[in-house]
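Survey of secondary and tertiary structure
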There are 2 protein chains.
Amino acid sequence: MSRYPGFAFDILHRDPASQARLGRLTTPHGAIETPNFIFCGTKATVKGVTPDQLRAEQTDIILSNTYHLMIQPGAEVVAAMGGLHKFMGWDGPMLTDSGGYQIFAMGHGSVADEVKGRRTTTREKTLLKITEEGAKFRSYMGGEHLFLTPEKSIDIQRKLGADLIVQLDECTPFHVDRNYTARSMRMSHRWGDRSLAEFERGGGLSANGLPQAMYGIVQGGVYPDLRKESAEYTKDRPFFATAVGGSLGAHKEQMVEVVAMAMAHVHAERPVHLLGIGGIVDIFAGVRLGIDTFDCVSPTRIARHGWALVPGVKGERLNLRNGRFKSDPEPIDASCGCYACRKFSRAYLHHLLKAEELLAMQLVSLHNIHTMNRLMRDVREGLRTGTLDAVEQRWVWRE
Amino acid sequence: MSRYPGFAFDILHRDPASQARLGRLTTPHGAIETPNFIFCGTKATVKGVTPDQLRAEQTDIILSNTYHLMIQPGAEVVAAMGGLHKFMGWDGPMLTDSGGYQIFAMGHGSVADEVKGRRTTTREKTLLKITEEGAKFRSYMGGEHLFLTPEKSIDIQRKLGADLIVQLDECTPFHVDRNYTARSMRMSHRWGDRSLAEFERGGGLSANGLPQAMYGIVQGGVYPDLRKESAEYTKDRPFFATAVGGSLGAHKEQMVEVVAMAMAHVHAERPVHLLGIGGIVDIFAGVRLGIDTFDCVSPTRIARHGWALVPGVKGERLNLRNGRFKSDPEPIDASCGCYACRKFSRAYLHHLLKAEELLAMQLVSLHNIHTMNRLMRDVREGLRTGTLDAVEQRWVWRE
């Protein structure tokens with residue numbers, strides 16, 4: 001793949017029992033083993049923790065969001081400061097998304113999570129108009145009108161300078177019909193071609209002169225023929241990698257079906273990222289379908305509300321605000337080696353949460369970050385040794 | 001001072017040009033050099049930073065607040081978890097206050113800072129009644145009525161288990177008259193005797209069986225004769241150390257006068273703590289009057305609002321929210337060795353503040369903590385080498 005110098009994806013081992021694979025994704029900022037989890041550093045920070053803490057909890061790769069950064073501080077500022085890696089003090093592999101997801105998901109006013117079929121509350125609509133040219137929306141900070149096109153998205157991502165970048169697409173929510181989904185998907189394909197063309201025009205280099213590599217996105221909603229068409233679109237274009245996006249259905253079973261529709265037709269030798277999915281049970285399902293990387297705000301978002309991920313526990317997590325932890329001298333998880341578990345009791349974390357102390361958010365975030373990284377290490381070890389079922393039994397609670 | 005096993009205060013050097021002195025304060029959790037600054041870990045955490053980060057920024061000693069901890073999580077919980085040191089993961093010297101300051105300052109409804117003559121906004125009154133027996137107040141969490149007496153304060157501080165504890169006093173605000181101040185001060189002296197008696201009854205040991213040492217408090221408002229009377233009261237009683245509290249006047253010049261009134265009569269061989277003062281210029285003034293330790297919420301509180309302490313700058317600090325830092329690639333303070341200054345630009349911190357990111361609070365707090373510790377190190381070095389004036393010139397901006 002000489003089109004992407006400095007990048008490689010090597011499949012090291014294939015699981016005989018599923019589509020799962022063990023791989024190595026190489027970028028100009030280092031290589032990671034896959035399957036792996038990409039932590040969300042939305043506004044150029046994984047909320048509440050330092051880059052050194054991320055490393056100490058064995059994090060390999062993070063992402064930042066183009067939508068948020070184009071509004072604050074602006075891509076020009078990040079470029080002037082030497083790019084996102086230098087700006088935020090992260091020297092490992094990094095991805096930026098295209099901005100599309102947030103424009104559409106936040107912009108529909110009702111649907112930050114409607115892509116997943118959830119959430120019924122309404123927010124102020126910030127999406128103003130979608131045309132063939134691009135998407136017009138209102139800044140959530142100053143209220144001014146902004147316009148994002150495929151060319152602009154790539155230009156911004158070039159200034160941000162992450163290793164892995166993503167084509168602009170329209171992220172269709174769950175409630176739209178087949179016709180809308182098909183029309184939108186084909187526009188996303190045209191946006192994909194424009195994204196690739198803009199990428200070529202820039203020589204595939206960031207503003208700092210380092211090579212970048214681009215993901216194409218598979219849309220198509222819950223419709224098998226559309227998912228096939230979209231997967232084949234990405235396969236036929238010179239993307240470095242593939243991302244599966246859009247509506248994955250209303251529930252977990254449908255998510256697996258929809259991802260399978262896409263995975264049957266994506267380029268088999270390119271890394272595949274599943275956008276916005278990070279539940280433990282979903283990760284095992286995704287890995288068996290051949291997904292190489294995942295991302296989700298959930299591990300750090302739930303941490304800020306006091307939910308700690310614990311292997312094998314019903315619902316995948318403990319609510320540390322629960323009164324039963326008030327005098328509990330045990331760590332969150334005796335088998336965990338994170339800073340919070342090595343140093344503090346559930347009673348202390350419960351107290352910090354009740355007292356609404358900032359440190360609670362930091363410590364539970366560290367725990368959840370460590371736990372996700374441990375999960376992915378266990379998954380890789382399971383693949384390496386043919387014991388993925390046993391790993392899943394340890395991690396996933398079953399009745 | 002065999003009454004206080006495991007504790008000592010050694011004066012190592014006296015400044016020929018002032019009352020300042022260099023000392024060593026020894027506790028069962030280690031010794032600190034004085035003058036020093038005690039960071040506020042109000043609710044069993046210095047807000048937003050871990051104990052390891054405190055150590056990394058060269059912190060020697062912290063305090064926690066009895067008032068907050070008796071409400072949440074309660075002294076029984078802390079005792080059951082092995083005491084405050086173990087609970088919050090801090091193994092160095094620690095102080096708890098008596099609970100009095102918050103009951104009275106927060107309780108007067110208008111005067112968290114009125115002790116210092118500031119703040120005019122009103123809060124809900126939580127102080128219900130002060131009698132000779134003690135103070136009745138409402139919990140700011142559940143609203144239930146609580147009653148704090150000298151005996152209870154000492155009992156709670158025994159359960160919390162800090163090294164240094166403080167007698168209960170009534171902290172008189174700025175607006176009360178001389179008669180009230182005098183009556184209140186004499187009641188505080190009686191509360192001091194009751195605190196000492198309760199301390200003796202407990203054998204001077206924490207619930208964990210470690211020795212503790214008690215501070216008496218000098219009250220007396222802005223009145224020289226009352227300050228003298230109160231200083232002599234503390235001197236005549238078997239306190240380990242002295243704290244100067246209450247109203248220190250309406251402005252910095254009066255603060256110096258009032259502290260001087262007390263310092264002329266306190267026990268000369270005991271460590272003296274100045275309650276609630278932490279401005280850089282005030283610290284130099286206090287040190288020259290013979291103050292050994294200071295505490296103030298200010299360094300970490302202003303950090304959470306984006307104010308970074310910088311030596312020699314007008315107003316002692318920079319407002320990192322200011323637009324002029326938007327593209328500033330320099331660290332907060334090029335002469336500073338804190339984590340934030342070693343790793344991040346002003347532009348990044350400015351961005352985090354604008355984006356209301358948690359990490360901003362953590363990083364600016366680390367910087368301010370480091371800077372206060374560096375200030376105190378410089379002060380001690382100035383005393384050791386007879387260069388305190390030069391140190392002050394570097395740290396304090398003058399027109």
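Residues numbered from 1 in each chain as written. Chains lettered and ligands numbered in written order. Predicted model: local features only at pLDDT ≥ 70, side-chain atom pairs only at ≥ 80, totals over all residues. Heavy atoms only, no water.

The name recorded for chain A in an unreviewed UniProt entry is Queuine tRNA-ribosyltransferase, from Aerophototrophica crusticola.

Residues and elements named next belong to chain A. The pairing of strand β1 (residues 8-14) with strand β2 (residues 21-27) spans six bridges and is classified as antiparallel. When the bridges of β2 are listed, Asp10 appears paired with Arg24. The hairpin turn running from β1 into β2, its antiparallel successor, is six residues long. (Pairing = 2+ DSSP bridges. Helix = DSSP H or I, 4+ residues; strand = E, 2+ residues; numbered from the N terminus.)

Residue and element names in this part refer to chain A. Under the UniProt annotation, the feature "binding site: Zn(2+)" (unreviewed entry) is placed at Cys336, Cys338, Cys341 and His367. These annotated residues cover 32 residues of sequence, and their C-alpha atoms lie no more than 8.1 Å from one another, placing them together at a single site. Relative to the helices and strands, Cys336 resides in the loop between β16 (317-319) and α12 (339-343). Setting aside residues no more than four positions away along its own chain, Cys336 makes contact with Cys341, His367, His370, Thr371 and Arg374. Under the relative-accessibility criterion, His367 is labelled buried at 0%. (UniProt positions renumbered as here; feature names shortened; annotations may be inferred. Contact = heavy atoms within 4.5 Å. Buried < 20%, exposed > 50% of the residue type's maximum accessible area, 1.4 Å probe, protein only.)

Once that is clear, we can look at helix α10 (residues 280-288) of chain B. All names here are of chain B. Of all the positions in α10, only Ile280, Asp282, Ile283, Phe284, Gly286 and Val287 are classed as buried. Contacts from the buried residues of α10 go to β4 (36-40), α9 (252-263), β14 (293-296), β15 (307-309), α14 (358-385) and α15 (388-395). Remark: Gly290 follows α10 within two positions and exhibits a positive phi of approximately 100°.

To continue, consider the sheet that holds strand β9 (residues 145-148) of chain A. Residue and element names in this part refer to chain A. Read across the open sheet, the three strands follow the order β7-β8-β9; overall the sheet is antiparallel. Each edge of the open sheet is held by one strand with a lone partner, namely β7 (127-130) and β9. Pairwise comparison of adjacent strand axes, ignoring direction, gives a mean angle of 20° for this sheet. In this structure, β7 lies alongside strand β8 (residues 135-138), joined through three bridges in antiparallel fashion. Considered in β8, the bridge of Ile130 is made with Ala135. (Axes fitted to C-alpha atoms, helices over the stretch in contact; angles between N-to-C directions.)

Attention now goes to helix α9 (residues 252-263) of chain A. Residue and element names in this part refer to chain A. Between the first and last C-alpha of α9 there are 16 Å, a value that for 12 residues agrees with the 16 Å anticipated at 1.5 Å per step. Along α9, the residues that are buried comprise Gln254, Met255, Val258, Val259, Met261, Ala262 and Met263. Next to the buried residues of α9 lie β11 (213-218), α8 (224-236), β12 (241-244), β13 (272-274) and α10 (280-288). (Expected span 1.5 Å × (residues − 1).)

Aligned on chain B, chain A shows an RMSD of 0.0 Å; the corresponding rotation is 180° and the shift along the axis is 0.0 Å. The operation mapping one copy onto its partner corresponds to a two-fold rotation axis. Measuring from the rotation axis to each C-alpha of chain A, the shortest distance belongs to Leu358(A), at 4.0 Å. Of the residues that chain A buries at the interface, 100% are likewise interface residues in chain B, meaning the two copies contact each other through the same surface. (Least-squares fit on C-alpha atoms with pLDDT ≥ 70 in both.)

Time to look at unusual backbone geometry. In terms of backbone geometry, most residues other than glycine have negative phi values and most peptide bonds are trans. Residue and element names in this part refer to chain A. In this structure, the amide linkage connecting Thr34 to the following residue, Pro35, adopts the cis form with an omega of 0°. A positive phi angle, close to 70°, is found at Ala44, a residue other than glycine. Turning to its location among the elements, Ala44 is positioned in the loop between β4 (36-40) and α1 (51-56). One non-glycine residue, Gln58, lies in the positive phi region at around 70°. Relative to the assigned elements, Gln58 resides in the loop between α1 and β5 (62-64). Of the residues examined, Gln58 reaches a relative accessible area of 39% and is grouped as partly exposed.

Structurally, the position occupied by Phe294(B) is in strand β14. Contacts of Phe294(B), omitting those with residues within four sequence positions, involve Asn36(B), Phe37(B), Ile38(B), His273(B), Leu274(B), Ile277(B), Asp282(B), Ile283(B), Gly286(B), Val287(B) and Met376(B).

Another aspect to go through is the packing of α8(A) against α9(A). Residues and elements named next belong to chain A. Where α8 contacts α9, the axes come no closer than 8 Å and their chain directions differ by 40°. Between α8 and α9, the interaxial angle falls into the category oblique. By crossing handedness, the relation of α8 to α9 is classed as right-handed. In contact with Pro224, Arg227 and Ala231 of α8, α9 contributes Val258, Met261 and Ala262. A per-class count over the contact of α8 with α9 returns five nonpolar, no polar and one charged. (Parallel < 35°, antiparallel > 145°, perpendicular 65-115°, else oblique. Left-handed = near helix turned anticlockwise from the far one by under 90°. Nonpolar A, V, L, I, M, F, W, Y, C, P; charged D, E, K, R; others polar.)

Right, let's get into the sheet that holds β2(A). In a beta sheet, neighbouring strands are held together by backbone hydrogen bonds and run either parallel or antiparallel to one another. Residue and element names in this part refer to chain A. In space, the three strands of this open sheet follow the order β1-β2-β3, with antiparallel pairing throughout. Strands at the two margins of the open sheet, each flanked by one partner only, are β1 and β3 (30-34). On average, adjacent strands in this sheet sit at an angle of 15° to one another, irrespective of strand direction. On top of the sheet, helix α14 (residues 358-385) reaches β1, β2 and β3; it is set at about 125° to β2, its chief contact.

Let us look at the domain arrangement of chain A. All names here are of chain A. Along its sequence, chain A is organised into domain 1 (8-303) and domain 2 (307-395). Facing the 34 residues of domain 1 at the interface are 27 residues of domain 2. Buried area between domain 1 and domain 2, both sides added, is near 2,900 Å², and the carbon and sulfur share of it is 63%. Its largest share of buried area at the contact with domain 2, domain 1 owes to Glu57, Ile280 and Phe284, together 26% of the area lost on that side. Along the contact surface separating domain 1 from domain 2 lie four salt bridges. Of the charged contacts in the structure, one is a salt bridge between Arg288 and Glu392, with a shortest N-O distance of 2.4 Å. Counting across the interface, domain 1 meets domain 2 through 16 residue pairs in polar contact (both at pLDDT 80 or more). Contributing elements (two or more residues each) for the side of domain 1 that touches domain 2: β2, β3, β4, α1, α10 and α11 (298-304). Per-element accounting of the side of domain 1 that touches domain 2 gives the leading share, six residues, to α10. Among the residues forming the side of domain 1 that touches domain 2, the class breakdown is 17 nonpolar, 10 polar and seven charged. (Domains from an automatic or database assignment. Buried area = accessible area lost by both parts, 1.4 Å probe. Salt bridge = Lys/Arg side-chain N within 4 Å of Asp/Glu carboxyl O. Polar contact = N/O pair within 3.5 Å; in protein donor to acceptor, adjacent residues only side chain to side chain.)

Time to look at the interface of chain A and chain B. Opposite the 40 residues of chain A that make contact, chain B presents 40 residues. Both sides together, the interface formed by chain A and chain B hides about 3,300 Å², and carbon and sulfur atoms give 62% of it. When residues of chain A are sorted by the area they lose upon contact with chain B, His351(A), Glu357(A) and Leu358(A) head the list and together hold 17% of the total. Taken together, chain A and chain B are joined by four salt bridges. Between Asp52(B) and Lys343(A) there is a salt bridge; the shortest N-O distance is 3.1 Å. Grouping the constituent residues of the side of chain A that touches chain B by class yields 21 nonpolar, 10 polar and nine charged.

Time to look at the pairing of strand β8 (residues 135-138) of chain B. Residue and element names in this part refer to chain B. On β8, burial follows the alternation: Ala135 and Phe137 on one face are buried, whereas Lys136 and Arg138 on the facing-out side are not. Connecting strand β7 (residues 127-130) to the antiparallel partner β8 that follows it, the hairpin turn spans four residues. In textbook terms, the turn of a hairpin is the stretch between consecutive antiparallel strands, and for β8 and strand β9 (residues 145-148) this stretch comprises six residues, one of which, Gly143, has a positive phi near 85°.

With that settled, consider empty space enclosed by the protein. Here the structure, examined in full by the defined rule, presents three cavities of 30 Å³ or more. What the largest cavity holds in volume is close to 70 Å³. Surrounding the largest cavity, Gly48(A), Leu358(A), Leu359(A), Met361(A), Gln362(A), Gly48(B), Leu358(B), Met361(B) and Gln362(B) form its lining. Those elements that provide at least two residues to the lining of the largest cavity are α14 of chain A together with α14 of chain B. Top contributing element to the lining of the largest cavity by residue count: α14(A), with four residues. Looking at the lining of the largest cavity residue by residue, the class counts come to five nonpolar, four polar and no charged. (1 Å grid on protein atoms, 1.4 Å probe; cavity = no way out; pocket = protein on both sides within 12 Å on 5 of 7 lines; lining within 4 Å. Points joined across faces, edges and corners; volume = space filled by probe spheres on them.)

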